[in-house]
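Next come the chains, spelled out residue by residue.
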Amino acid sequence: MNKYNVSRIRNNKLVYWLFISAASVLGLIIVALLIFISQQGLQTFRDVSPIEFFFSSNWNPDANKFGALIFIIGSLAVTVFSILVGGPLGVLGAIFLAKLAPRWMRNILQPAINLYMAIPSVVYGFIGLTVIVPAVRNIFGVASGFGIFTASFILAIMILPTVISIAADALTAVPQVLEEGSIALGATYWQTIWHIVLPTALPGIITGIVLGMARAIGETMAVQMVIGNTPQLAKSLFSPTSTLPSEIVVEMGNTPFGSVWGNSLFLMALVLLIISIFMIVIVRKISSYKAVKI
Amino acid sequence: MKNLFKKTGLMAMALVLGASMFAGCGGTQDKKATSTAAKVEGKVTASGSTALLPLLKVGQEEFYKLHDKVTINLSGGGSFTGQKQVASGSVDIGNSDVALASDLAGKGLVQHNLVGIPFVFIVNKDVNVDSLTDKQYVDILTGKITNWQEVGGKNQKITIIHRAKSSGSRATIATVVLQGKEFTNDAIIQDSNGAVRSAIATTPGAIGYVDAAYADKSIKVLKFNGVAYSIQAVSEGKYPVYTTGRMFTKGEAKGAVKAFIDYVTSDAFQNKNVESKGFIPLTKLPKK
Amino acid sequence: MNPKTMDKIAKIVLWAVGVFLIALLIVFIGYMLYKGLPILSLQFLFGMPSDIEAGGGVGPQLFNTFYILFLSMGLSGIVALGAAIYLSEYAKDTWLTRFIRLSTESLATVPSIVLGLFGMVVFVDYLGMGFSILGGSLALSLLNLPLLVRITEQSLRAVPQTYREASLALGATKWQTIRKVVLPSAFGGIITGIMLAGGRAIGESAILIFTAGTTVSRHMGDFDVFAAGETLAVHLWYVMGIGLVPDRIDIANGIGALLIIIVLFINLLLMALQKKLKMV
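Only a predicted model underlies this, so the values are computations on that prediction, with no experimental measurement involved. (Residues numbered from 1 in each chain as written. Chains lettered and ligands numbered in written order. Predicted model: local features only at pLDDT ≥ 70, side-chain atom pairs only at ≥ 80, totals over all residues. Heavy atoms only, no water.)

Helix and strand content of chain C: 11 helices and zero strands. Ordered by position from the N terminus, the helices and strands of chain C form the series α-α-α-α-α-α-α-α-α-α-α. In terms of principal-axis extent, the alpha carbons of chain C reach across some 70 × 55 × 35 Å. When each of the 280 residues of chain C is scored for burial, the buried share is 62%. Partitioning the intrachain contacts of chain C with sequence separation of at least 6 by distance along the chain shows that 75% fall at a separation of at least 24. (Helix = DSSP H or I, 4+ residues; strand = E, 2+ residues; numbered from the N terminus. Buried < 20%, exposed > 50% of the residue type's maximum accessible area, 1.4 Å probe, protein only. Contact = heavy atoms within 4.5 Å.)

Now for the interface of chain C and chain B. Contact with chain C, which involves 41 residues of that partner, is made by 47 residues of chain B. Summing both sides of the interface, chain C and chain B together bury roughly 3,600 Å²; the carbon and sulfur share of this comes to 61%. Considering only the surface of chain C that becomes buried against chain B, Ile52(C), Arg218(C) and Leu244(C) emerge as the three largest contributors, covering 21% of it. Our count for the chain C to chain B interface comes out at two salt bridges. Here Arg248(C) and Asp216(B) are joined by a salt bridge, their closest N and O atoms 3.5 Å apart. Applying the counting rule to chain C against chain B returns 19 residue pairs in polar contact (both at pLDDT 80 or more). Looking at the side of chain C that touches chain B, the elements with two or more residues in it are α3 (59–90), α5 (112–126), α8 (174–202), α10 (232–241) and α11 (248–279) of chain C. Here the side of chain C that touches chain B is composed, by residue class, of 26 nonpolar, seven polar and eight charged. (Buried area = accessible area lost by both parts, 1.4 Å probe. Salt bridge = Lys/Arg side-chain N within 4 Å of Asp/Glu carboxyl O. Polar contact = N/O pair within 3.5 Å; in protein donor to acceptor, adjacent residues only side chain to side chain. Nonpolar A, V, L, I, M, F, W, Y, C, P; charged D, E, K, R; others polar.)

What follows is about the side chain of Glu204(C). Residue and element names in this part refer to chain C. Relative to the helices and strands, Glu 204 is located in the loop between α8 and α9 (206–211). Although Glu 204 is buried, it makes no salt bridge; Arg 200 carries the closest opposite charge, 4.4 Å away. Of the polar contacts made by the side chain of Glu 204, one reaches the side chain of Ser 112; its length is 3.5 Å. The contact partners of Glu 204, leaving out residues within four places of it in the chain, are Ser 112, Leu 140, Leu 143, Ala 233 and Val 234. (Lys, Arg positive; Asp, Glu negative; His and termini not counted.)

Applying the stated criterion across every chain, the model contains 31 aromatic pairs over all chains. Between Tyr263(B) and Phe269(B), the aromatic rings sit 5.5 Å apart at their centres with planes inclined by 50°, giving tilted as the arrangement. Taking relative accessible area as the criterion, Phe269(B) reaches 1% and is therefore assigned buried. Pairing Tyr67(C) with Phe223(C) gives two aromatic rings, centres 5.2 Å apart and planes at 85°, and the pair type is edge-to-face. Of this pair, Tyr67(C) sits in helix α3 while Phe223(C) is found in the loop between α9 and α10, placing the two residues 156 residues apart along the sequence. A relative accessible area of 4% places Tyr67(C) in the buried class. Three or more aromatic residues link up through ring pairs in this structure, and these residues are Phe121(B), Tyr137(B), Phe183(B), Tyr209(B), Phe224(B), Tyr229(B) and Tyr239(B). Across the ring face of Tyr238(C), the terminal group of Lys57(B) is positioned such that the distance to the ring centre comes to 4.0 Å. We note Lys174(C) situated over the ring of Tyr90(C); from NZ or CZ to the ring centre the distance is 4.9 Å. (Phe/Tyr/Trp six-rings, centres within 6.5 Å; stacked < 30°, edge-to-face > 60°. Lys NZ or Arg CZ within 6 Å of the ring centre and 35° of its normal.)

Now for the pairing of strand β8 (residues 206–211) of chain B. Residue and element names in this part refer to chain B. Along β8, six of the six residues are buried, which leaves the element largely enclosed by surrounding structure. Bridge analysis of strand β4 (residues 109–123) against β8 gives five bridges, and the strand direction is antiparallel. Directly across from Ile 122, in β8, lies its bridge partner Gly 208. (Pairing = 2+ DSSP bridges.)

This paragraph deals with the environment of Ser198(B). Assignment of secondary structure puts Ser198(B) in helix α6 (residues 193–202). Overall, Ser198(B) belongs to the buried group, its relative accessible area being 15%. With sequence-adjacent residues up to four places away left out, Ser198(B) is seen in contact with Phe126(A), Leu129(A) and Thr130(A). Within the local environment of Ser198(B), its side chain forms a polar contact with the backbone oxygen of Gly194(B), the two atoms lying 3.0 Å apart.

Rendered as structure tokens:
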């Protein structure tokens, strides 16, 4: 008995260190990636002034012009528009899946949502290029159909599975007793969802939206096929422009690694990281605010 | 429940172990093979130009029929990636459709010419123009002409769809056609020949260029100064829009690498496969 | 507005969203299956690919897809589980844990092309793995990690505190509590994480183009981790954008349908497993 106890405690210590090391590995990987990206990226500033990089919309590497404003605005725009559409749609879908759908419907919807995830982004891109771009051109009567609108439309669909499945998990985890109590007190179904279930599940829902945003801002292959990759500020939702990841992917393969041009692409990756960290922090701040109020 | 957990855990572990053992076995077998066989053997790795990739994959397939002890590992990544990687020694061959980058000169890289890569200008099928002069191409690509009306077509906006600033194809057009003038920024950029073709096929009034191999029925091919692309036109010096695809090795090629390069530059391969895939055999390029 | 009417409207809207989601999926997937299913044959599924003439298969790519998925999920799964347990069960709310959490989320936003480039510089070039299954798996693990960690941590946290207290009160150690109480209760959520990360990984191309390469081993089913590792999604990208083989459209359609079927299959498998666990 005594011996058993000793080994039990030793085990306890051992696994603790295992978990800590796993967490440290995770931290290390991320730090390594950050160092790699920033080390390459920040070298840009030896040749390009930060003011030019962030505030100039003149991107012309052959003429030594490295203004990345177009791409920063493009990325922000597609992310915001796609989350404005995909976010609410996803949360509604999650409520339906977790709280309203009858069992048979759930059995269809659950795998269906995972299937959305399975469509490779290249396929989303090609469907976008060959179906949605022409459709947008015809419906809205615009010149090319490439641009922020088309990209956001595709992204809104692409982020759905992330938002829905994470939010639905959070909603399912809300204890049944809370709902039953509310219904018993005479609240309608929707009042219960709105006032009881949603606030309780809010942190999980926010996580879903944050990860959806993360997916949208970092998405590369699909966006670069429909955004146009044109180094020009967007004049409207329907004029071709470019985003940070799409510019990185079309330029990276043939840009000499270590040149100013190559470095500036890494700097774009760094900017992308910083923008997304910033967005994440803001969303978390807002959600903790809300949670306290309720 | 506990048991199931244990079981799945064990199974996963067994699978990982099994996989790594298999991997180990594979490795030792390869080593044994290299020490007993007498013919050409070993591993060849190549990376670089995506334009050359489909041709080299054909080369790989044909080469495998002749040599059963050689493994060839091909990757894209872009011309500069290939040059960089062969210079640093991470691949044996760097494929490129542009000349060696200036900062890699003096690293002991040896160039092996592979094929001629011809380019054609393509338009959406609704464009009713068949040929443009080099001057007109320049005016369109630099943004001076923006409507098909100005070059004899109908009243329709011209949409340029082409490759990224860093692409080898774009570099060729910039040198051969534009001769130093700058492309307009007002253009849609796609990252591969296939995507440029799809985008042009679905966009009315669109113009762009692709490697001749990618011209198919979904789009319309334009003539250049009245000359339609053909291998003969290139040979006779009438069609100037092409570049040379090349392979770089660090120092002279040896062993399996040499065997592979010898094979893809041999008459047998050049005559049988190069033309049929839409490239120009080395022997048919005009002598400079 | 009358709460009753509101209730009715809400229900209608929710149903509409649910039906819309399924309808949209049916359009997307139906289109892909309609185009791709006729292509799928034994020769296509298990044959060697060809760049010369029509009729090549995707056998090695199919194998590589599973092999790379398995290796990368294994690698990232172990790290993610450990890290998630640490974050939810042990870590106090210090700057370090906040840093790890924030960086995990930001890792999720790194565009896949940057992960691919990082993989190429570190694994392929610096560590000398070459364009290989191993290089691809390691780089792909970076993509899986954030999603796995976040969802696993989330589902561990969702386990009611009372479960833990009861177990500890009965004299179990912390590790025993985690292993026998917390993990099994969180299993459903963990499975969701695996499905999401796995589905995403199967369709990923940008990372693998730069790390696993665009050719396959000349041997069918080569377990050598240093063999070339082109996967189905990469092959799809290749035939659509670069390939010149005459039946490239057919191949692309076939791969599209195949990927859908694979993910559907994995989902059903995991759902069955989930159900079984709930019954025990």
